[in-house]
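What the coordinates show
One letter stands for each residue in the lines below.
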Amino acid sequence: MAPIEVIDLTKDYGSVLGIDSITFSVEKGEVFGFLGPNGAGKTTTIRTLLGFQSPTSGTATVLGHDMTNESEFLDAKADVGYLPATPKFDDSATGTEILDLHASIKGDTRREELLERFDPPVDRPVREYSTGNVQKLAIVQAFMHDPSLVVMDEPTSGLDPLMQQRFNEFIHDEQQRGVTVFFSSHVLSEVRRLCTRVAILRDGRLITTEPVESLLNRSGKVVHLRIGGTVDQAAFDFDGVHDLDIRSMRGTQVETQLSDERDSDLKLRVDESDGTETVTDVSFTFTGDVNDLVDAVTPYALREFDVEEAPLDEVFMQFYGGEASA
Ligand SMILES: Nc1ncnc2c1ncn2[C@@H]1O[C@H](COP(=O)(O)OP(=O)(O)OP(=O)(O)O)[C@@H](O)[C@H]1O
């Protein structure tokens, strides 16, 4: 059985449906992203999954245990880590005292290793902690009993960029060890880097569940060409070309650089300009066969050839804004 199985889960708050009959599962070793605009139902799902509140109907099974059944849910929680969006601790206690308490309930086989990695100031009372230090303590607490499943609600919101990067590397290592991770996030670059699959929620309903790669592939690549001379528009009238834009310029100084701003992009620039030739910029979104694209550009004198992923925020906005369907 998958570590998380959610079937027809519904939470009716009376005035509003928090989640409306959602169904999904998370497989072992997946890093599964749970996304959606504010009020979509992410926290409601997480709270119901962890047994903090009961659903109106439907089932939530975690590590084979029915989380709507109180005795089962205690068994499941021994092997689950939870990192809330805004961790709350007894602020008169020191970090060490807080970790000791959690260790007595769930164990702490990985405490030292995690303290080395995240380094919260455990000798000081939590009331003296910065937001980031509270988050670091919460990370140690969530992982120190070596859970096989970790549920996180916007885990990096309080962390600085360096610590976010360290956390992302840590999650990657955890995945290699076979740990299953379920997390909600608004940070799309983090979702891109970490997640194998995502579910997108809107107004309490599941809009789609699919691999990040297929989500991006479906949205196509953004292609920019700079070509020496002029271009016949018909040359780019083939399957998979959308939003074609062609502009010719005379006497333009062609920029020359061989730089790669983003790892995932292909950028090719050729310095052959004397600064006075006619050049044509061609750009479009491409969802077709890459061989057709190569055939189309072969007759031309290419000065630049950039292929980029569709901007992630645009891809997700299609789902958030309601223009796309599952
Ligand atoms: N305890 C509650 N009582 C009544 N309504 C609630 C309660 N908790 C959440 N809701 C409502 O349920 C809906 C889903 O809220 P939820 O907090 O799950 O969204 P979310 O996706 O986590 O949002 P955010 O990104 O802002 O954290 C919202 O309309 C919210 O107002």
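Residues numbered from 1 in each chain as written. Predicted model: local features only at pLDDT ≥ 70, side-chain atom pairs only at ≥ 80, totals over all residues. Heavy atoms only, no water.

For the rest of this paragraph, the subject is the nonpolar core. Core analysis: the biggest nonpolar cluster contains 48 residues, and Phe-143, Met-152, Phe-167, Ile-171 and Phe-316 have the highest contact counts within it. If one sorts the elements of this core by residue count, helix H5 (residues 131-143) sits on top with seven residues. Excluding residues that lie within four positions of it along the chain, Phe-167 makes contacts with Leu-83, Phe-118, Ile-139, Met-152, Pro-155, Thr-156 and Leu-159. Ile-46, Leu-50, Phe-73 and Val-151 belong to the second largest nonpolar core, which has 24 residues in total. (Core = buried A, V, L, I, M, F, W, Y, C linked by side-chain atoms within 4.5 Å. Buried < 20%, exposed > 50% of the residue type's maximum accessible area, 1.4 Å probe, protein only. Helix = DSSP H or I, 4+ residues; strand = E, 2+ residues; numbered from the N terminus. Contact = heavy atoms within 4.5 Å.)

Time to look at helix H3 (residues 95-106). An ideal rise of 1.5 Å per residue puts 16 Å on 12 residues; H3 measures up with 16 Å between its terminal C-alpha atoms. The set of residues buried in H3 consists of Gly-95, Ile-98, Leu-99 and Ala-103. In a view along the axis of H3, the buried residues occupy a sector of 140°, so they form one face of it. Looking at H3, the residues exposed on the side facing more than 90 degrees away from the buried face are Leu-101, Ser-104 and Ile-105. Among the structural elements, helix H4 (111-118) and H5 are those in contact with the buried residues of H3. (Expected span 1.5 Å × (residues − 1). Arc of directions from axis to C-beta.)

Let us now look at a negative patch on the surface. On the surface, Asp-239, Asp-289, Asp-292 and Asp-295 cluster together into a patch of negative charge. The residue Asp-295 is located in helix H9 (residues 290-297) in this model. Relative accessible area serves as the criterion here: at 54%, Asp-295 is assigned to the exposed category. (Patch = residues over 30% accessible without salt bridge, like charges linked within 9 Å, V, L, I, M, F, W, Y side chains within 5 Å. Areas by Shrake-Rupley, 256 points an atom, 1.4 Å probe, with all protein chains shown as cover. Salt bridge = Lys/Arg side-chain N within 4 Å of Asp/Glu carboxyl O. Lys, Arg positive; Asp, Glu negative; His and termini not counted. Charge placed at Lys NZ, Arg CZ, Asp CG, Glu CD.)

Segmentation of the chain into domains returns domain 1 (4-217) and domain 2 (221-309). A C-alpha centroid distance of 43 Å is found between domain 1 and domain 2. (Domains from an automatic or database assignment.)

Residues in close proximity to the ligand include Tyr-13, Val-16, Gly-18, Pro-37, Asn-38, Gly-39, Ala-40, Gly-41, Lys-42, Thr-43, Thr-44 and His-186, which together make up its full environment. Here Asn-38 contributes a side-chain N or O atom positioned 3.0 Å from an oxygen atom of the ligand. Coverage of the ligand by the protein amounts to 60% of the 640 Å² it exposes when considered alone. The greatest single-element share of the shell around the ligand, amounting to three residues, is contributed by helix H1 (residues 42-49). Looking at side-chain class alone, the shell around the ligand contains four nonpolar, seven polar and one charged residues. (Near = heavy atom within 4 Å. Polar contact = N/O pair within 3.5 Å; in protein donor to acceptor, adjacent residues only side chain to side chain. Nonpolar A, V, L, I, M, F, W, Y, C, P; charged D, E, K, R; others polar.)

The next thing to look at is the pattern of salt bridges. All chains considered together, the criterion is met by 15 salt bridges. Residue Glu-113 is joined to Arg-110 by a salt bridge in which the shortest nitrogen-to-oxygen separation is 2.8 Å. On the basis of relative accessible area, Arg-110 is assigned to the buried category, the value being 6%. When the shortest N-O distance is used, the salt bridge between Glu-174 and Arg-177 registers 3.1 Å. On the basis of relative accessible area, Glu-174 is assigned to the buried category, the value being 1%.

Time to look at the UniProt feature "domain: ABC transporter" (unreviewed entry) in the chain. In the numbering adopted here, UniProt assigns the feature "domain: ABC transporter" (unreviewed entry) to residues 4-228. Taken end to end, residues 4-228 comprises 36% helix and 30% strand; its first and last C-alpha atoms sit 55 Å apart. (UniProt positions renumbered as here; feature names shortened; annotations may be inferred.)

Note that Thr-43 resides in helix H1. Engagement of the side chain of Thr-43 in a polar contact is seen with the side chain of Asp-153, the distance being 3.3 Å.

This next bit is on the side chain of Gln-135. Position of Gln-135 relative to the elements: it lies in helix H5. Within polar-contact distance, the side chain of Gln-135 engages the backbone oxygen of Pro-155 at 2.6 Å. Here Gln-135 is in contact with Leu-83, Pro-84, Ala-85, Pro-87, Glu-154, Pro-155 and Leu-159, once residues within four sequence places are set aside.

Relative to strand S10 (residues 205-211), strand S9 (residues 197-202) runs antiparallel, the two sharing six bridges. Considered in S10, the bridge of Arg-197 is made with Pro-211. In this structure, the hairpin formed by S9 and S10 is closed by a connection of two residues, where Asp-203 is found at a positive phi of approximately 50°. (Pairing = 2+ DSSP bridges.)

With that out of the way, let us pick up the packing of aromatic side chains. What characterises a pair of aromatic rings is the spacing of the ring centres plus the angle enclosed by the ring planes. Under the criterion given, the structure shown has 14 aromatic pairs. Between Phe-284 and Phe-286, the ring centres sit 6.1 Å apart and the planes meet at 80°, which makes this aromatic pair edge-to-face. Ring pairs connect the aromatic residues Phe-236, Phe-238, Phe-284, Phe-286 and Tyr-300, which therefore count as one cluster. (Phe/Tyr/Trp six-rings, centres within 6.5 Å; stacked < 30°, edge-to-face > 60°.)

This part is about the environment of Thr-56. Within the secondary structure, Thr-56 sits in the loop between H1 and strand S4 (57-62). A relative accessible area of 48% places Thr-56 in the partly exposed class. Along the backbone, Thr-56 and Lys-11 are 45 residues apart, and their C-alpha atoms lie at a distance of 4.9 Å. The contacts of Thr-56, once residues within four sequence positions are left out, are Thr-10, Lys-11 and Asp-12.

What follows covers the packing of H4 against helix H6 (residues 161-176). Two elements in contact, H4 and H6, have axes whose closest approach is 11 Å; the angle formed by their N-to-C orientations is 145°. Seen from H4, the contacting residues are Leu-114, Arg-117 and Phe-118; seen from H6, they are Met-163, Arg-166, Phe-167, Glu-169, Phe-170 and Asp-173. (Axes fitted to C-alpha atoms, helices over the stretch in contact; angles between N-to-C directions.)

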